[in-house]
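The residues making up each chain are set out below.
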Amino acid sequence: MYTILPESKENVIWIQVKGRMHSQDYETLFPHIDGIIARHGTIRILSDLRDFKGIEFWAVLKAPPGMFKYSSKVEKKAVITDENWIYIWTKLLAPFLKTEVRCYPSSKIEEAWQWVCS
């Protein structure tokens, strides 16, 4: 499940994920992202995955197409994680996206937020 944190502003969105992402989560998240892009043209994302536990099978079918759909509209993406497997997958997928992606450990969450906002 995800939450859009109140620190989000204009075209900068802070998404906190706790537990597992489900296909229903993408059915609400993608329209929210569409709305921001419609208003601002681009979006910047901080994904807080400190409590991320995985993704359900059916959600796997929705996540990658969404990532590629928005890749040209995402200016920057910061990923917060202390999990090595998330860091590795982020680095593996980053070259296929049209955006700058950086990973940060949880101890540098403020640095990640500053970078994604700048």
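Here, residues in each chain are numbered from 1, in the same order as that chain's written sequence. Residue-level local features of this predicted model are given only where pLDDT is at least 70; pairs of side-chain atoms are given and counted only at 80 or more, and the full residue set underlies all totals for whole chains, interfaces and linings. As a rule here, side-chain values cover all heavy atoms of the structure and leave hydrogens and water aside.

Undergrad: Could you clarify how one ought to interpret the packing of aromatic side chains in this entry?
TA: Where two aromatic rings form a pair, the distance of their centres and the angle of their planes describe that pair. Between rings of Phe, Tyr and Trp, where Trp is taken as its six-membered ring, a pair exists when centres lie within 6.5 Å; planes separated by under 30 degrees are stacked, by over 60 edge-to-face, and by other angles tilted. In the structure shown here, the tally under the stated rule is six aromatic pairs. Ring geometry for Phe-30 and Tyr-70: centres 5.6 Å apart, planes at 50°, overall tilted. Note that Phe-30 is positioned in helix α1 (residues 23-40) and Tyr-70 in helix α3 (residues 63-70), a separation of 40 residues in sequence. This pair shows no difference in class: Phe-30 is buried, exactly as Tyr-70 is. The structure contains a cluster of three or more aromatic residues connected by ring pairs, namely Tyr-26, Phe-30 and Tyr-70. Labels follow the DSSP assignment, with helices taken as runs of H or I lasting at least four residues and strands as runs of E lasting at least two, numbered in each case from the N terminus. Relative accessible area decides the class of each residue, using a 1.4 Å probe on protein chains only: under 20% of the type maximum gives buried, over 50% gives exposed, and in between gives partly exposed.

Undergrad: Any chance you could explain the side chain of Arg-44 here in plain terms?
TA: Locating Arg-44 in the fold gives a position in strand β3 (residues 43-55). The exposure class assigned to Arg-44 is buried, which follows from its relative accessible area of 14%. Polar contact is the term for a pair of N or O atoms within 3.5 Å; when the atoms are in protein, one must be able to donate a hydrogen and the other to accept it, and sequence-neighboring residues count only if both atoms are side-chain atoms. There is a polar contact of 3.2 Å between the side chain of Arg-44 and the backbone oxygen of Val-116.

Undergrad: Help me understand the nonpolar core in this model?
TA: Generally speaking, nonpolar side chains in soluble globular proteins are found buried as a group. Grouping buried Ala, Val, Leu, Ile, Met, Phe, Trp, Tyr and Cys residues that are joined through side-chain atoms within 4.5 Å yields what is termed a nonpolar core. Grouped together as the largest cluster of nonpolar side chains are 24 residues, with contacts concentrated most on Ile-15, Val-17, Met-21 and Ile-43. Sorting the residues of this core by element identifies β2 (12-21), α1, β3, α3, β4 (74-80) and β5 (100-104) as the ones contributing at least two each. A per-element tally of this core places α1 first, with six residues. Beyond its immediate chain neighbours, meaning those up to four positions away, Met-21 contacts Met-1, Tyr-2, Tyr-26, Leu-29, Phe-52, Gly-54, Ile-55, Glu-56 and Ala-59. Core analysis: the second largest hydrophobic core is formed by twelve residues, Val-12, Trp-14, Ala-112 and Val-116 among them. Residue contacts are counted whenever heavy atoms from the two residues lie within 4.5 Å of one another.

Undergrad: Even after reading the chapter, I still don't get the pairing of β2, so can you show me in this structure?
TA: Working note: regular strand, side chains alternate between the two faces of the sheet. Judged by how many residues are buried, β2 sits mostly within the fold: seven of ten residues are covered. Whether two strands pair comes down to DSSP finding at least two bridges between them. Here strand β1 (residues 2-4) pairs with β2 via three bridges, running antiparallel. Directly across from Thr-3, in β2, lies its bridge partner Gln-16. With nine bridges connecting them, β2 and β3 associate as parallel partners. Within the sheet, the bridge partner assigned to Val-12 lies in β3 and is Arg-44.

Undergrad: How should a nonpolar patch on the surface be read in this particular structure?
TA: The grouping of Trp-85, Tyr-87, Ile-88, Trp-89 and Leu-92 at the surface amounts to a nonpolar patch, some 540 Å² of accessible area in total. On the secondary structure map, Leu-92 appears in helix α4 (residues 84-93). Leu-92 sits in the partly exposed class, given a relative accessible area of 49%. Residues forming no salt bridge and having over 30% relative accessible area are the ones grouped into patches, like charges within 9 Å of each other and nonpolar side chains (Val, Leu, Ile, Met, Phe, Trp, Tyr) within 5 Å. In this description, accessible areas are obtained by the Shrake-Rupley approach with a 1.4 Å probe, and a residue is regarded as covered only by the protein chains that are shown. Put simply, a salt bridge is a Lys or Arg side-chain nitrogen that is within 4 Å of an Asp or Glu carboxyl oxygen.

Undergrad: What am I meant to see in unusual backbone geometry here?
TA: You will see that Glu-10, though not glycine, has its phi angle at about 45°, which is positive. Checked against the element boundaries, Glu-10 lands in the loop between β1 and β2. Using a relative accessible area of 65% as the deciding quantity, one classes Glu-10 as exposed.

Undergrad: Looking at this structure, how should I read α1?
TA: One full turn of an α-helix is made of 3.6 residues, so residues set three or four places apart face in the same direction. One less than the residue count of a helix, multiplied by 1.5 Å, gives the span that helix is expected to have. Here α1 contains 18 residues, and its C-alpha end-to-end distance of 26 Å stays within 8% of the 26 Å for a straight helix at 1.5 Å per residue. Every buried residue of α1 is accounted for by Ser-23, Asp-25, Tyr-26, Leu-29, Phe-30, Ile-33, Ile-36 and Ile-37. Buried residues of α1 fall within an arc of 125° about the axis and therefore sit on the same side. For α1, exposure combined with an orientation more than 90 degrees from the buried face picks out Ala-38 and Arg-39. The arc in question is formed by the directions pointing from the helix axis toward the C-beta atoms.

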